[in-house]
Amino acid sequence: MRVLLVEDEPDLREVVAAGLKAAGYAVDGARDWPEAEFLLDVNAYDCVVLDRMLPSGDTLPALEHRRRSGWTTPVLCLTALHTVADRVAGFHSGADDYLPKPFAMEELVMRVGSLARRAGDRLPVHLRHAGLELDAARREVRRDGILLTLTHKEYAVLRHLLVHRETVVTRSVLVEHCWDEMADPVSNVVDAVMAGLRRKLGPPPLIRTVRGHGFLLGGDGDDHGGADGSDGGRDGGGALGGRTSR
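Residues numbered from 1 in each chain as written. Predicted model: local features only at pLDDT ≥ 70, side-chain atom pairs only at ≥ 80, totals over all residues. Heavy atoms only, no water.

Trainee: Help me out: how do you make sense of helix α7 (residues 171-178) in this one?
Mentor: Think of an α-helix as 3.6 residues a turn; residues three or four steps apart then line up on the same face. Where α7 is concerned, the buried positions are Arg171, Leu174, Val175 and Cys178. Each buried residue of α7 sits inside an arc of 100° when the element is viewed along its axis, so together they form one side. Residues of α7 that are buried in the fold lie against β2 (26-30), α6 (152-163), α8 (189-201) and β13 (214-217). (Buried < 20%, exposed > 50% of the residue type's maximum accessible area, 1.4 Å probe, protein only. Helix = DSSP H or I, 4+ residues; strand = E, 2+ residues; numbered from the N terminus. Arc of directions from axis to C-beta. Contact = heavy atoms within 4.5 Å.)

Trainee: So what exactly am I meant to see when it comes to the layout of surface pockets here?
Mentor: Regions of empty space are outlined by a rolling probe, equal in size to a water molecule, passed over the atoms. Taken as a whole, the second largest pocket spans an internal volume of roughly 230 Å³. Mapped onto the lining of the second largest pocket, the elements with two or more residues apiece are α5 (105-118) and α6. Top element by residues in the lining of the second largest pocket is α5. It accounts for 4 residues. When grouped by side-chain class, the residues that make up the lining of the second largest pocket number 9 nonpolar, 2 polar and 3 charged. (1 Å grid on protein atoms, 1.4 Å probe; cavity = no way out; pocket = protein on both sides within 12 Å on 5 of 7 lines; lining within 4 Å. Points joined across faces, edges and corners; volume = space filled by probe spheres on them. Nonpolar A, V, L, I, M, F, W, Y, C, P; charged D, E, K, R; others polar.)

Trainee: Please clarify how the sheet that holds strand β3 (residues 47-50) should be interpreted in this entry.
Mentor: Strands pair in a sheet through their backbones, by hydrogen bonds, and they do so in one of two ways: parallel or antiparallel. Ordered by their spatial adjacency, 5 strands build an open sheet running β2-β1-β3-β6-β7, and the pairing between neighbours is parallel. Two strands lie at the open edges of the sheet, namely β2 and β7 (97-100), each paired on one side alone. The mean angle between the axes of side-by-side strands here comes to 20°, regardless of whether they run parallel or antiparallel. As paired elements, strand β1 (residues 2-6) and β2 share 5 bridges and run parallel to each other. Paired with arginine 2 across the strands is alanine 26, a residue of β2. (Pairing = 2+ DSSP bridges. Axes fitted to C-alpha atoms, helices over the stretch in contact; angles between N-to-C directions.)

Trainee: Would you mind showing me how to read the packing of aromatic side chains here?
Mentor: One pass over the structure, following the stated rule, counts 1 aromatic pair. The positively charged end of arginine 66 is found above the aromatic ring belonging to tryptophan 71, 4.9 Å away from the centroid. (Phe/Tyr/Trp six-rings, centres within 6.5 Å; stacked < 30°, edge-to-face > 60°. Lys NZ or Arg CZ within 6 Å of the ring centre and 35° of its normal.)

Trainee: Please explain the sheet that holds strand β9 (residues 132-135) as it appears in this structure.
Mentor: Read across the sheet, 4 strands follow the order β8-β9-β10-β11 without closing on themselves; strand pairing throughout is antiparallel. Of all the strands in the sheet, just β8 (126-129) and β11 (146-148) have a single pairing partner and so form its edges. The mean inter-strand angle of the sheet, taken between neighbouring strand axes irrespective of direction, is 25°. Bridging between strand β10 (residues 140-143) and β11 involves 3 bridges; their strand directions are antiparallel. Residue pairing across strands places arginine 143 opposite isoleucine 146, the latter belonging to β11. Those strands touched by α6 are β8, β9 and β10, and its axis lies near 110° from that of β9.

Trainee: Got a minute to help me understand the environment of methionine 105 in this structure?
Mentor: Relative to the helices and strands, methionine 105 is located in helix α5. Judged by its relative accessible area of 24%, methionine 105 falls in the partly exposed class. Through-space distance from the C-alpha of methionine 105 to that of valine 15 is 9.0 Å; in sequence the pair is 90 residues apart. In contact with methionine 105, not counting residues within four places along its chain, are Val15, Val16 and Gly19.

Trainee: Just to check I follow, could you spell out the confidence of the model for the protein for this structure?
Mentor: Note that predicted coordinates carrying low pLDDT should not be read in detail. With 82% of its residues at a pLDDT of 70 or more, the protein has an overall mean of 80. Overall, residues 219-246 carries pLDDT values under 50, and its contacts beyond four positions in sequence, including any with other chains, amount to 70 contacts. (pLDDT = per-residue confidence, 0-100.)

Trainee: What's the story with the packing of α7 against α8 in this structure? I'm lost.
Mentor: The description of two packed helices rests on the angle between their axes and on the distance between the axes. Relative orientation of the contacting elements α7 and α8 amounts to 90°, with a least axis distance of 10 Å. The pairing of α7 with α8 is recorded here as roughly perpendicular in orientation. Across the interface between the two elements, Arg171, Leu174 and Val175 from α7 touch Val190, Asp191 and Met194 from α8. By residue class, the composition of the contact of α7 with α8 is 4 nonpolar, no polar and 2 charged. (Parallel < 35°, antiparallel > 145°, perpendicular 65-115°, else oblique.)

Trainee: Looking at this structure, I do not really get the pattern of salt bridges. What am I missing?
Mentor: Close approach of charged atoms lets side chains of opposite charge pair. Counting across every chain of the model gives 16 salt bridges. A salt bridge links aspartate 58 to arginine 52, with the shortest nitrogen-to-oxygen separation between them at 3.2 Å. With a relative accessible area of 31%, aspartate 58 lands in the partly exposed category. Salt bridges linked by common partners bring Glu7, Asp51 and Lys101 together as one network. (Salt bridge = Lys/Arg side-chain N within 4 Å of Asp/Glu carboxyl O.)

This is the structure in structure tokens:
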């Protein structure tokens, strides 16, 4: 999941971003509302963590304006303004949750996860395919009942493939949804994660490489490229480097 963190205090922004990234989220940061609006216009986010008071002023009027235009991305207000009147104003303006400062990072992560899961197309908490089970609430993945230890990015990529199983997913889409804005889409970052994920999932292979297009989770596990899940070429975003041996 991808989160936009809007916070003008550098140290706090760094701490919150680190906590969210440690929980497996891709995080983009903005220091003020104009910068946040630009990012919101060019990227799709699962949740926005919004400091209420920024250098440009109170963000509630801007939030309310976006809500009236039909914008539905969930917003968590993270602010020192914590009276009942402040919280009520936040909800009236379109905030989905309100967490006063100081706060516990564990609680923030749980609230962001709850908002993101309830948003958009209502992604299911439990995803299953061919003996593979993903529990989003517990952030656990099992294959044939065996618990797998995945990195945050491996988990994010697998979840996206499970949500869109039987659909070819390009590397650019994976970068957009599983990495933050600092990711380099022409590097082998996707290949490295895909190679590790394939290795941990074990045989028979579940992730197929569709030559010239991207990756597919589904079918019988037969690859459109090589038997190892690699096509030795390109999927529309760079040279594949995720060759694994089974």
